[in-house]
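# Residue-level structural notes
Next come the chains, spelled out residue by residue.
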Amino acid sequence: MFAKIKSLCMNGLDPIPIDVEVDIHRSSLPSFSIVGLPDAAVQEAKERVRSSIRNAGFTFPLARIIVNLAPADVKKEGSGFDLPIAIGILKASEQIQFSDDPIYFVGELSLDGKVRQIPGMLPMTIHLDTIQKSSSVAMYCPWENLHEIYARKNTVYPIKTLTETIAFLSGTKKYIDYAVPEEELVDDSETFDFAEVAGQDFAKRALEVAASGFHNIMMAGPPGTGKTMLAKRLCSILPFMNENEAIEVTKIYSISGLLPSGKRLIKKRPFRSPHHSASYVSIVGGGATPKPGEITLAHRGILFLDEFPEFRKDVINMLRQPLEDGQVTIARMKSTISYPARFLLVAAMNPCPCGFFGDSHKECTCSSSQLLRYKAKLSGPIMDRMDIVTEVQRIEASTMIKGRKQESSAEISARVLKTHQIQQERYRGETFFFNSDIPAKTLHQYCLANEEAKAFLEKISQRMHLSGRAITRALKVARTIADMRASEMIEVQDIAEALQYRFRDH
Ligand SMILES: Nc1ncnc2c1ncn2[C@@H]1O[C@H](COP(=O)(O)OP(=O)(O)OP(=O)(O)O)[C@@H](O)[C@H]1O
Ligand SMILES: [Mg+2]
Ligand SMILES: [Zn+2]
């Protein structure tokens, strides 16, 4: 006897439809095998399926059972096939019957027949919603994933147990309407405020430019001047994500199993700050069961790399691809997998290992070979990709002690929001949102500069021997600075400020 059940499985950020085919031979010796490129977690489904079928009051057939997951060339990962396999066995052994309308099943089973949460529910329900547009489909999924449902009502049925699923399928129990939790706008994670940082007006301005146009920023300066403090406050001046960005980010957290329960859509931009001792895989992503790394979890938000030169050289070099095209490609055994990784990089560092190189009061005690090794970590290609490099200098004791009132994050973020709105208006219909993402082909259309500004950029670029990439990036930063004063035309002052953020190149 044979049954075919529909299910979904994640491949990177995209769900793929999988057919779970169950074949039962009564006349053969009892056995249970799963074929079709399953990973270890799928293999373990056997024990969970067997127990939960029994505990739901059904019989596990004493026969030869073969489960095939098709298509065979896609690697099946995770525990989401437990439910479709159990339903398939019950259907093939004629213990349950239900209509032939396409119904998808996803969920892990516990030994006592509870349906457990699985990662990736949000992309799966979005996928279902697109199929729903052309034909009628339904999906049974774990109740614990309720907050990740992003689809039309009467399409997705969150369920708690295997017994309940069967009762709904056979019509002995009517499905009761459920309410998907409202999206949560406020985030109660600890918030820091720019008002707490004394002085550092220059660095604050640079951070505001970075936030306004989503530009990468590197802060360098002696110990204890507030670099870490400033970086942690960047989030507080970045406006929330728009709907499309929010869905992208929530998908990533959904497949990583990191979506806090009760939160339907993440609106606040993520802030990730991996430690420099973190492994390559945890930062980049990948692994035996591929997972997004920190750079993907920081998508549309901030990736803060404190003590930047302390990071492994291969990690720093790897950043080149995502910094250029907003995604990361991970090589696997027979295939590659891509994850989005369009983050705002904030890097902080000391000017040298001892921290006092170039300091006006303290002497640097580093040897020249130490200095060279330190600098070598910051290869040209990486520095070339930094839009803004700013020095955070030692502040006067009086500034620290007097406690002059500083501008609050709320005041700054109100300005940043205006600049974001200008960009949203200008890039309506485009596939990008910020000045930092203007593609080469439309660079000159969007970065309108007057003759004087152009001549100035040309003169300084020659003098500073800037690379093509550096000039392009400077022009985009100038675009943001002009937007901050609501000017469509880029003028000399904008170019001058943008170039000032590149002087570290020399
Ligand atoms: N500008 C400032 N305003 C207020 N407090 C400051 C300022 N700079 C430093 N501090 C105080 O000093 C502490 C250390 O600052 P922070 O960790 O940001 O320095 P840092 O520049 O990152 O140093 P390091 O290079 O050693 O990492 C802060 O927690 C804060 O209490
Ligand atoms: Mg620090
Ligand atoms: Zn030093």
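If you're wondering where the values come from, they're calculated on a predicted model, not measured in any experiment.

This part covers the domain arrangement of the chain. You can read the domains of the chain as domain 1 (2-170) and domain 2 (194-402). Between the C-alpha centres of domain 1 and domain 2 the distance comes to 41 Å. Listed per partner, the contact involves 12 residues of domain 1 and 16 residues of domain 2. A per-element tally of the side of domain 1 that touches domain 2 places helix α4 (residues 121-132) first, with three residues. For the side of domain 1 that touches domain 2, the residue count by class is six nonpolar, three polar and three charged.

Here the focus is the site of ligand 1. In the region of ligand 1, 14 residues are neighbours, and Pro223, Gly226, Lys227, Thr228 and Met229 sit closest. When its residues are assigned to classes, the shell around ligand 1 shows five nonpolar, eight polar and one charged.

With that settled, the discussion passes to the pairing of strand β10 (residues 217-220). Burial along β10 is two-sided: the residues Ile217 and Met219 and Met218 and Ala220 are all buried. Taken together, the four bridges between β10 and strand β17 (residues 344-349) define a ladder with parallel strand orientation. The residue bridging Ala220 from the neighbouring strand is Met349, located in β17. The pairing of β10 with strand β18 (residues 388-391) spans four bridges and is parallel. Opposite Met219, over in β18, you have Thr390 as the bridge partner.

Procedures and definitions
- Residues numbered from 1 in each chain as written.
- Chains lettered and ligands numbered in written order.
- Predicted model: local features only at pLDDT ≥ 70, side-chain atom pairs only at ≥ 80, totals over all residues.
- Domains from an automatic or database assignment.
- Contact = placed C-beta atoms within 7 Å.
- Helix = DSSP H or I, 4+ residues; strand = E, 2+ residues; numbered from the N terminus.
- Nonpolar A, V, L, I, M, F, W, Y, C, P; charged D, E, K, R; others polar.
- Near = placed C-beta within 6 Å.
- Buried ≥ 20, exposed ≤ 12 C-beta atoms within 10 Å, placed from the backbone.
- Pairing = 2+ DSSP bridges.

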